[in-house]
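# Examination of the molecular architecture
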Amino acid sequence: MRYFACSECQQQIFFAKTHCDTCGCRIGYSAKDQDLICFDEVEIEQWQPKKNNNLANQYFKPCYNYTHHQICNWVLAYDDNEIYCESCQLTYIIPPLDQPENIEYWRHLEKAKQRFLYLTQRLNIMPHPKKNDNDALGLRFNFLVPMNGQTVMTGHGKGIITLNAQEANVIYRETTRVNMGENYRTLLGHFRHESGHYYFYLIEKLRPDLLSEFRYYFGDERQDYAEALQRHYEYGPQENWQTNYISSYATAHPWEDWAETWAHYLHMMETLETAFYAGLAVNAQQGSLANLTMDECPIGAQNFEKILNSWVTLTFNLNALNRSMGLEDAYPFKLSEVIKGKLRFIHRHLLDLAF
Ligand SMILES: [Zn+2]
Ligand SMILES: [Zn+2]
Ligand SMILES: [Zn+2]
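Description of the structure in this document. Computed from a predicted structure; not experimentally measured.

## Describing the overall build of the chain
Across its full length, the chain carries nine helices and eleven strands. For 355 residues, the compact-globule estimate of 2.2 N^0.38 gives 20 Å, and the C-alpha radius of gyration of the chain, at 21 Å, lies within 12% of that figure. Projected onto the principal axes, the alpha-carbon positions of the chain cover approximately 65 × 55 × 45 Å. Within the span of the chain, comprising 355 residues, buried residues form 48% of the whole. For the chain, restricting intrachain contacts to residue pairs at least 6 apart in sequence, the fraction spanning at least 24 positions comes to 54%.

## A short note on the environment of S195
Structurally, S195 can be placed in helix α4 (residues 187-206). Separated by 75 residues in the primary sequence, S195 and T120 place their C-alpha atoms 10.0 Å from one another. When neighbours within four sequence positions are excluded, S195 is seen to be in contact with F116, I161, W262 and L266. In terms of polar contacts, S195 uses its side chain to reach the backbone carbonyl oxygen of R192, at 2.8 Å.

## Brief notes about the packing of helix α7 (residues 254-278) against helix α8 (residues 304-324)
Pairs of packed helices are described in terms of their axes, by the angle between the two and the distance that separates them. Interhelical geometry of α7 versus α8 gives an angle of 80° and a closest axis separation of 10 Å. When the axis of α7 is compared with that of α8, the two are roughly perpendicular. Across from Y265, H267, M268, M269, T271, L272 and A275 in α7, the residues of α8 making contact are F304, I307, L308, S310, W311 and L314. Of the residues contributing to the contact of α7 with α8, the split by class is ten nonpolar, three polar and no charged.

## Concerning a nonpolar patch on the surface
Taken together, the side chains of V42, Y59 and Y78 define a hydrophobic patch exposed on the protein surface, amounting to about 260 Å² of accessible area. Mapped onto the elements of the fold, V42 is located in strand β2 (residues 35-43). Since its relative accessible area comes to 43%, V42 is described here as partly exposed.

## Considerations on the coordination of the zinc ion (ligand 2)
Here the zinc ion (ligand 2) is held by the protein donor atoms C63 (SG), C72 (SG), C85 (SG) and C88 (SG), which lie 2.3 Å from it. Of note is the zinc ion (ligand 2), whose four donor atoms meet at the metal with angles of 103 to 115° in an arrangement that counts as tetrahedral.

Reading the values: rules and limits
- Residues numbered from 1 in each chain as written.
- Chains lettered and ligands numbered in written order.
- Predicted model: local features only at pLDDT ≥ 70, side-chain atom pairs only at ≥ 80, totals over all residues.
- Heavy atoms only, no water.
- Helix = DSSP H or I, 4+ residues; strand = E, 2+ residues; numbered from the N terminus.
- Rg over C-alpha atoms; globule rule 2.2 N^0.38 Å.
- Buried < 20%, exposed > 50% of the residue type's maximum accessible area, 1.4 Å probe, protein only.
- Contact = heavy atoms within 4.5 Å.
- Polar contact = N/O pair within 3.5 Å; in protein donor to acceptor, adjacent residues only side chain to side chain.
- Axes fitted to C-alpha atoms, helices over the stretch in contact; angles between N-to-C directions.
- Parallel < 35°, antiparallel > 145°, perpendicular 65-115°, else oblique.
- Nonpolar A, V, L, I, M, F, W, Y, C, P; charged D, E, K, R; others polar.
- Patch = residues over 30% accessible without salt bridge, like charges linked within 9 Å, V, L, I, M, F, W, Y side chains within 5 Å.
- Areas by Shrake-Rupley, 256 points an atom, 1.4 Å probe, with all protein chains shown as cover.
- Salt bridge = Lys/Arg side-chain N within 4 Å of Asp/Glu carboxyl O.
- Donors = N, O, S within 2.8 Å, 3.2 Å for Na, K, Ca; no water.
- Tetrahedral: all angles 85-135°; square planar, octahedral: opposite > 155°, others 65-115°.

Right, dumping it as C-alpha cells:
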C-alpha cells in the first residue's frame, strides 16, 4: 500500500484510520483522489479538507456507515447523490446488528474489503458497476451469519460474493484453518480469493478468447466442479502437489487453482508496494536470493521477473523477522516455476480484466 502522511503533522497514517494518532485531526479516505485527507468538520456531514491538502473549495461528506455506525472511513464528494461510499455501495446484506458481536464482524469485513478494493483501484481493475446498476457484470457482497442451524458457505456466484461473517471471529477462523489443514486464512485472503472467481466470471463473459491460454496453465475448468471438490475432500491433494500448486486447495479444481493464484498475485502486489513506499532494501546474503532494491513501484512496472525475484527475497526475510518475534511465517508458501508461470499469465492479462 502507498505511504500516507498526515497533512498537518507529517506522521505516517494507516489506511483504516479515522483520526491521526499524533495530532488527532479527522481523516477520511477519498477513493476518487486515492488519498487519505485531513479534514475540518463544518457540519456533521460536511467536511472541508485542511489547507495543506491542496483541495481548496472542495467539500466532502463521510460515508453514511461512518456517521451511523462508525464502520467506514471513506468519504464522498459533498454533492454526491449517494450516501454510501464506493466500498459500502457494494455491500448488499450485512449481519443483523441487534447482536453486538455482529457490528464487530461487519467492521472487520469492511476493513478487509476496503483494502482489497484499494489494490484493485491501484491496478485499474476496480469492480464497477454495482450489481444493482448492472446485473450482468456488477458485483455485490453479502455478509451472512448462520441462522436457524443453517450454514453459510463462503463463495462466489454470478457477481455475488457471500462471506460467512463469523470468519471475522478470530477463534472461529483459526479453528476452521486448523481443521481444514490450511496454513493461511485471513479475511483479506477471502476477499482476494473470491474476487478471483468474480474476475473469472467476467473473463468467461467478456474475454472467452483468453480461455484456451487459461486452460494451458490451470487446466480445463469444464470438468465437474462438485465431483472434483468431493474427490478433494475425500482423498486430499496428489503427492508432491507443491510443484504445481500454490496451496492444497488449489489442486481441487482449475477454478480454485485460479482463485488461489489470483489471491497470491494480489498479496504480492500490495506487499511489494508497501515495501516500495517504505524504501525497503535487502542485501541478500544467500547466493540463491536476489538483492531487493525497490527503485520502481511494482504497480505498473513492466519487469515482472524482477517483481518475482523481489517477492522471494522479501518473503524469505519477512518470515525470518516473524520467527524472531515467535510468530508463524507471514508467507507460508513456496513459488515453484510452474506457479510462477501462472502468476506471469495473470500479470500479462491483468489489464484485460479492466472492464
Ligand atoms: Zn497528524
Ligand atoms: Zn463506506
Ligand atoms: Zn474458491
